[in-house]
Amino acid sequence: MPEMQNKVVSWEQVMEEFEAMSKDAERVQRETLKKILERNAGTEYLQKWGLEGRTDPEDFKACVPLVTHADLEPYIQRIADGEESPILTTERISVVSMSSGTTNGMQKYVPWNNDLLSMSVEIYRVSAAYRTRLFPIRSGGRVLEFNYSSKQFNTKGGLVACTATTNLFRDETFKINKGNKVLPCSPDEVLFGYDARQSLYCHLLCGLIYSNDVEFLASTFAYSIVDAFRHFEQVWQELCKDIKEGKLSDRITVPSMRASVSKLLKPDPDLADEIHEKCKNMENWYGVIPQLWPNAKYIHSIMTGSMEPYVRKLRHYAGNLPLISADYGATEGWIGANIDPTTSPEDTIFTVVPSLAFFEFIPLQWHQEDWKVESEPVGLTEVKVGQIYEVAFTTAGGLYRYRLGDVVRVSSFYNSTPQLSFVCRKNLLLTVNIDKTTEKDLQISVQKAVQLFREENVELLDFTSYADMSTDPGHYVIFWELSDSVDEKVLNKCCTVLDESFVDPGYVGSRKAKTIGPLELRIVEKGTFQKILDHYLSIGAVVSQFKTPRCIKSNQVLFDILNNGVIQTYFSTFLS
């Protein structure tokens, strides 16, 4: 469990410390658990389970049960309601983080404290050290970040509540300690402007003002960068006008944002003409990022899991600029760092940082219609390469043997600590009968189908799915939003290709046995997925934390948005 220290640490020192830790992961794990349990021995939760001060992993696992967020929710709610007794941590909790709610449609509170801040600093430093070794950056350069903050509000008990990313963005200690030697292009007033569209415009404008100083581009999720450049295609001429005249567009109405960006904006006709000339001659916006930011070395963002479908479009904008996937974590805490920035987003694996939490891995096997636990959880150094596990961890933030709900595969070991690839969210599967279609399976199927209209210069803007059990037999429904119209014959073929591209034996066998019906493809009107984003923003989510749900289970609001947008419907002819 890392301690926060305000000091400058060299990248070489960070890598040396991580190398040593990775070679002795079991000892680090025991020490991490001991620190967590000693610090919180007097909490109501740990006393309830009769640990009586013991800190070894064996007694801990024998006494304290595995839990989900639902099990801890009553305790967290009491904290949010203002109860000051040591419930989950001895350190008083004054801030709670909120999840995005895009996984299951429900936002949840997670306690936030200085230890979680320290964890964030450590993993940022680790991945930045390996990244900077390959891509050295100029001290004093800039980063063009497409990040956004959520509004803060107070819980019933007076605690500050906001998204986990907002907690990080607001913390001066995090800014000092995470190790970046670059400055953001946008002032804080843009990040904390609370109007996502206005913030996006200002991010682009500030990035253009500092175009020669930008060392890399970044965002929390890849979606935000793709969204930014889709927007850039529409507003680039207006941005050029702002730079040429030195006057900010009237579209920016948030006073603090307008004032801060106006201070940066001076008339620069030469820069405006240069940008205008580059954009005017751009062919389908391919490589726009290195064209406009010639000194940028890479793009850094989460590009795995539900972000993988945006990678192709991001590559289009990035041209030959390397794409580096960011680290693996969740609102509840961090798990692994990407220490090999040479790998493509699709092949990224995450090296578990042993000091971030006490980790357990629950062996899983698919049985019938769900993941089933095969045996008791194993420790960090006891996992087996090739095996599928659910991640559980114990953090300094008051989560004990907490099941994260992520399914991972152990790809390899880095010294004595495992390297993981993300498989899926445990509860995000398409399943009708004995089939188990993961998010990755869905992505592969969609990628094959869209090849049929790739040459028509039509883009798949976004997609999602659900298992329709209202029919007999049940069947998969895929929603697509397209950038332009596609011939009906092509879409009919796309529907069949989607269906025949699912290779799970349970799905193929069930389709042949007609216990799963033909796949249905529903085309929705443009703007439908923007309405989904708007819905999540209206309930407190933030753009930089947004993930399009790839599988909808029971969210009626999303069903209504999607079904109200349907303009065409097709059924597969596979096996008919």
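Residues numbered from 1 in each chain as written. Predicted model: local features only at pLDDT ≥ 70, side-chain atom pairs only at ≥ 80, totals over all residues. Heavy atoms only, no water.

Of all the residues in helix 12 (residues 255-264), the buried ones are Met 257, Ser 260 and Val 261. Along the axis of helix 12, the buried residues cluster in a sector spanning 95°; they form a single face. Exposed positions of helix 12 whose direction lies more than 90 degrees from the buried face are Pro 255 and Lys 263. On its buried face, helix 12 is in contact with helix 9 (188-191) and helix 10 (196-209). (Buried < 20%, exposed > 50% of the residue type's maximum accessible area, 1.4 Å probe, protein only. Helix = DSSP H or I, 4+ residues; strand = E, 2+ residues; numbered from the N terminus. Arc of directions from axis to C-beta. Contact = heavy atoms within 4.5 Å.)

Applying the stated criterion to the full structure yields 27 aromatic pairs. Between Tyr 124 and Trp 334 the ring centres are 5.9 Å apart and the planes differ by 85°, which places this aromatic pair in the edge-to-face class. Linking Tyr 124 in helix 6 (residues 114-134) with Trp 334 in strand 11 (residues 333-337), this pair joins segments that are 210 residues apart in sequence. Overall, Tyr 124 belongs to the partly exposed group, its relative accessible area being 26%. Centroid distance Tyr 328 to Phe 422: 6.2 Å. Interplanar angle 75°. Geometry classified as edge-to-face. Here Tyr 328 is found in strand 10 (residues 328-330), whereas its partner Phe 422 is found in strand 18 (residues 417-425), with 94 residues between them in sequence. (Phe/Tyr/Trp six-rings, centres within 6.5 Å; stacked < 30°, edge-to-face > 60°.)

Moving on, we come to unusual backbone geometry. Look at the link from Asp 472 to Pro 473: it is a cis peptide, with omega at 0°. Locating Pro 473 in the fold gives a position in the loop between strand 19 (460-468) and strand 20 (475-482). Not every positive phi belongs to a glycine, and Trp 285 is a case in point at roughly 65°. Examined against the element boundaries, Trp 285 turns out to sit in the loop between helix 13 (269-280) and helix 14 (288-292). Backbone geometry places Arg 401, a non-glycine residue, at a positive phi of 50°.

A few words now on a negative patch on the surface. On the surface, Glu 455, Glu 456, Asp 487 and Glu 488 cluster together into a negatively charged patch. For Glu 488, a relative accessible area of 49% puts it in the partly exposed group. (Patch = residues over 30% accessible without salt bridge, like charges linked within 9 Å, V, L, I, M, F, W, Y side chains within 5 Å. Areas by Shrake-Rupley, 256 points an atom, 1.4 Å probe, with all protein chains shown as cover. Salt bridge = Lys/Arg side-chain N within 4 Å of Asp/Glu carboxyl O. Lys, Arg positive; Asp, Glu negative; His and termini not counted. Charge placed at Lys NZ, Arg CZ, Asp CG, Glu CD.)

The biggest cluster of nonpolar side chains holds 74 residues, and the ones touching the most others in it are Phe 146, Phe 229, Phe 232 and Ile 299. If one sorts the elements of this core by residue count, helix 11 (residues 222-245) sits on top with 12 residues. In terms of nonpolar packing, the next biggest core, distinct from the first, is built from 65 residues, Ile 36, Tyr 45, Leu 399 and Leu 404 among them. (Core = buried A, V, L, I, M, F, W, Y, C linked by side-chain atoms within 4.5 Å.)

So, about the side chain of Ser 301. Mapped onto the elements of the fold, Ser 301 is located in strand 8 (residues 299-302). Within the local environment of Ser 301, its side chain forms a polar contact with the backbone nitrogen of Ala 222, the two atoms lying 2.9 Å apart. With near-sequence residues (within four places) excluded, Ser 301 lies in contact with Ser 219, Thr 220, Phe 221, Ala 222, Ile 225, Ile 324, Ser 325 and Ala 326. (Polar contact = N/O pair within 3.5 Å; in protein donor to acceptor, adjacent residues only side chain to side chain.)

You can read the domains of the chain as domain 1 (136-321) and domain 2 (429-571). The gap between the C-alpha centroids of domain 1 and domain 2 is 30 Å. In this assembly, 24 residues from domain 1 lie in contact with 20 residues from domain 2. Summed over both sides, the interface between domain 1 and domain 2 buries roughly 1,900 Å², with carbon and sulfur atoms accounting for 48% of that surface. Considering only the side of domain 1, the residues that lose the most area to domain 2 are Phe 221, Tyr 223 and Ser 306, jointly responsible for 25% of the buried surface there. When the shortest N-O distance is used, the salt bridge between Arg 230 and Glu 459 registers 2.5 Å. Inspection of the domain 1/domain 2 interface yields seven residue pairs in polar contact (both at pLDDT 80 or more). Elements represented by at least two residues in the side of domain 1 that touches domain 2 include exactly helix 7 (164-170), strand 7 (214-221), helix 11 and helix 15 (311-318). For the side of domain 1 that touches domain 2, the per-class residue count stands at 10 nonpolar, 10 polar and four charged. (Domains from an automatic or database assignment. Buried area = accessible area lost by both parts, 1.4 Å probe. Nonpolar A, V, L, I, M, F, W, Y, C, P; charged D, E, K, R; others polar.)

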